[in-house]
Amino acid sequence: MSSFEGLDVISISDFSKEDVMRVLKTAKGMVPMATGRKPDRSLEGKIMSALFFEPSTRTRLSFESAMKRLGGGVLGFAQPEGTSIMKGETLADTVRMVDAYSDVVVIRHPHEGAARLAADFASKPVINAGDGAGQHPTQTLLDLYTIWEGLGKLDGVNIALVGDLKYGRTVHSLTTALSMFRTNLSFVAPPSLQMPRELIDQVKEKGLPLKMTHDIRDVINDVDVLYVTRIQKERFPDPQEYAKVAGTYRIDIPLLRDVKKNLMIMHPLPRVDEIAAEVDETPYARYFQQALNGVSVRMALLSLILGGTK
Amino acid sequence: MRELRVQPIKNGTVIDHIPSGMALKVLKILGISGNVASTVTVAMHVASAKMKWKDIVKVEDRELNPREVDKICLIAPSATVNVIRNYNVAEKRRVSLPERAVGILKCGNPNCITNQKEPVETVFLVSSKTPLLLRCRYCDRMLEDVAAAIV
Ligand SMILES: [Zn+2]
């Protein structure tokens, strides 16, 4: 995609490296407006519909804030309860309806492929805000933005993805995106939750160095970024086994004793106890900033898609 | 070896060069069970110069639609489909794998949007021809058992 105007954002795989950089640079320019320091009315008169077929307060508020910071309007619903969807209306029909009321459609849905389907039925651009265990491209873009903004580059960055790499959609999309750049990746997970074969192959095909381990101490002192995800209890049939595993992936101060000075610890949030609260006060903690970056990145996408930024 | 066991047909379709053992799957794709109006002949494990062993299916008084040919191609890429009219081969087609398989496969992911009550046909993109690997255009999952997913 050379011009973003009118395009759908369904999967990070639809982006080239140049597209990603375009979004990141545009997002950086959005920071003064995203933080309310500078007003912007470039999308005045435009309407974003936000269809949240499953609740995700964090993502929804981030999108709504982004649209309103650009002077646009927002309509939609935060969960399907009380809408015609509960009466059995198809997604296709709901999309046809909102397509007439708005200029861009943001969709969050519990079924994989829902955003692609919505894009088939909408004449207006569709942005995927997460579909089941599938894609969540704006999360991936804000993750990339956080790394790029924090370290000044993506090529040459040393990144460890930690936790549930098998089922975590965030780390799958992030792996796809990071392998567009010359990154050094480490996959840190218990053997039963390691990265799927397909994604490992994807990294190897690009000729990128890849390290796989179950022990976080193997990599922690070498990495620039530690991207932590939650290991869910439900993945383990035996609660004792879960407790044992989860404990070894918990990030706390003693574990960080010899890390790089500029280490960035990231997390897609919400976190439970995989990062100790004491880490929040260290300069390494970037997860709250990461969430805030979501507004600038979503502003960039909305602006590029709706023609606010040429 | 004895002479041809399968007699020529007047009108219909001959599907030849089916990989040995796949003939019954071809019948399933064509929806052929006990109640067909015309004769269906199946030859299994026939010696073949080209492929050592092959299966052949002859369906009288029926020509296949493109979707049926696409489905056969998914399980029998080596097959040839000959349309017979008045004892002559009127059309000789080698099946070829399309870039995308539309409406002929069911996604194996129960959580895929195409498995909900939505007015869409499934679309699978061919990501590799040998071995045959197909990816759902909607949920991105690879199809694990192609033969079992044919609708
Ligand atoms: Zn699917």
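Residues numbered from 1 in each chain as written. Chains lettered and ligands numbered in written order. Predicted model: local features only at pLDDT ≥ 70, side-chain atom pairs only at ≥ 80, totals over all residues. Heavy atoms only, no water.

J.: Explain the side chain of A:Thr175 to me, please; I cannot follow it from the model alone.
T.: The topology assignment puts A:Thr175 in helix α6 (residues 169–178). Setting aside chain neighbours within four positions, we find A:Thr175 in contact with A:Leu161, A:Leu185, A:Phe187, A:Met195, A:Leu199, A:Gln202 and A:Val203. (Helix = DSSP H or I, 4+ residues; strand = E, 2+ residues; numbered from the N terminus. Contact = heavy atoms within 4.5 Å.)

J.: Before we go on, may I ask you to explain the interface of chain B and chain A in this structure?
T.: Many authors give the size of an interface as the accessible area that is lost as the parts come together. Every contact between the two is made by 16 residues of chain B and, on the other side, 16 residues of chain A. Carbon and sulfur atoms supply 49% of the area that chain B and chain A bury against each other, a total of about 1300 Å² over both sides. Of all residues in chain B, the largest losses of buried area upon contact with chain A belong to B:Asn111, B:Ile113 and B:Tyr138, amounting jointly to 37% of the total for that side. Here A:Glu112 and B:Arg141 are joined by a salt bridge, their closest N and O atoms 3.1 Å apart. Summed over the shared surface of chain B and chain A, the result is 13 residue pairs in polar contact (both at pLDDT 80 or more). Tallied by class, residues from the side of chain B that touches chain A come to seven nonpolar, three polar and six charged. (Buried area = accessible area lost by both parts, 1.4 Å probe. Salt bridge = Lys/Arg side-chain N within 4 Å of Asp/Glu carboxyl O. Polar contact = N/O pair within 3.5 Å; in protein donor to acceptor, adjacent residues only side chain to side chain. Nonpolar A, V, L, I, M, F, W, Y, C, P; charged D, E, K, R; others polar.)

J.: Just to check I follow, could you spell out the nonpolar core for this structure?
T.: For soluble globular proteins, the rule of thumb is that nonpolar side chains tend to be buried together. If you look at the biggest cluster of nonpolar residues, it comprises 62 residues, and the most contacted ones within it are A:Phe15, A:Val23, A:Leu161 and A:Leu302. Counting contributing residues per domain, this core is built from domain 1 (12–135 + 294–306) and domain 2 (137–290) of chain A, each supplying no fewer than three. In this structure A:Val23 touches A:Phe4, A:Phe15, A:Leu141, A:Val297, A:Ala300, A:Leu301 and A:Leu304, once residues within four positions along its chain are discounted. Counting 59 residues, the second largest nonpolar core, distinct from the first, contains A:Phe53, B:Ile32, B:Leu64 and B:Val146. (Core = buried A, V, L, I, M, F, W, Y, C linked by side-chain atoms within 4.5 Å. Buried < 20%, exposed > 50% of the residue type's maximum accessible area, 1.4 Å probe, protein only. Domains from an automatic or database assignment.)

J.: Can you walk me through the domain arrangement of chain A in this structure?
T.: Residue and element names in this part refer to chain A. Looking at chain A, the domain boundaries give domain 1 (12–135 + 294–306) and domain 2 (137–290). Computed from C-alpha atoms alone, the centre-to-centre distance between domain 1 and domain 2 is 26 Å. Contacts between the two partners involve 28 residues from domain 1, matched on the other side by 21 residues from domain 2. Across the domain 1/domain 2 interface, buried area totals approximately 2100 Å², and carbon plus sulfur atoms make up 68% of it. On the domain 1 side of the interface with domain 2, the three residues burying the most area are Ile12, Lys17 and Leu24, jointly 30% of the side's total. Where domain 1 packs against domain 2, one counts two salt bridges. The tally of links between domain 1 and domain 2 comes to five residue pairs in polar contact (both at pLDDT 80 or more).

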